[in-house]
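Single-letter residue listing:
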Amino acid sequence: MSKKQIEYVTCVIGALSLMTGKPCSSIYQKLNQAGVIKDYLVSAYDVLHTFSLEYVAEDVIELMKKKGYSLC
């Protein structure tokens, strides 16, 4: 993972934390457990970073629901 990708994932986790009211550490653990960080945020970084953080955060929430996880 490059430095830019790490910074991006951190920003997405922060946006999710603000949206859900959950601590960043909890968000990170759930995303990591579901494989969303590696398999989605990092692998699709080239495309995702062109979208707003709000859009990506909402997309991640929907993806987590499909995987059977809840961030809220």
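Please refer to the structure placed before this passage.
Cut-offs and rules
Residues numbered from 1 in each chain as written. Predicted model: local features only at pLDDT ≥ 70, side-chain atom pairs only at ≥ 80, totals over all residues. Heavy atoms only, no water. Helix = DSSP H or I, 4+ residues; strand = E, 2+ residues; numbered from the N terminus. Expected span 1.5 Å × (residues − 1). Buried < 20%, exposed > 50% of the residue type's maximum accessible area, 1.4 Å probe, protein only. Contact = heavy atoms within 4.5 Å. Polar contact = N/O pair within 3.5 Å; in protein donor to acceptor, adjacent residues only side chain to side chain.

Before going further, it helps to examine helix α1 (residues 3–20). For α1, built from 18 residues, the straight-helix expectation of 26 Å at 1.5 Å per residue is met to within 8% by its first-to-last C-alpha distance of 26 Å. By the burial criterion, the buried members of α1 are Q5, Y8, V9, V12, I13, A15, L16, S17 and T20. Those residues of α1 that are buried lie in contact with α2 (24–34), α3 (36–42), α4 (45–48) and α5 (53–66). Downstream of α1 by one or two residues, G21 has phi in the positive range, about 80 degrees.

Within the fold, S52 resides in the loop between α4 and α5. Separated by 40 residues in sequence, S52 and V12 place their C-alpha atoms 9.7 Å apart. Engagement of the side chain of S52 in a polar contact is seen with the backbone nitrogen of Y55, the distance being 3.1 Å.

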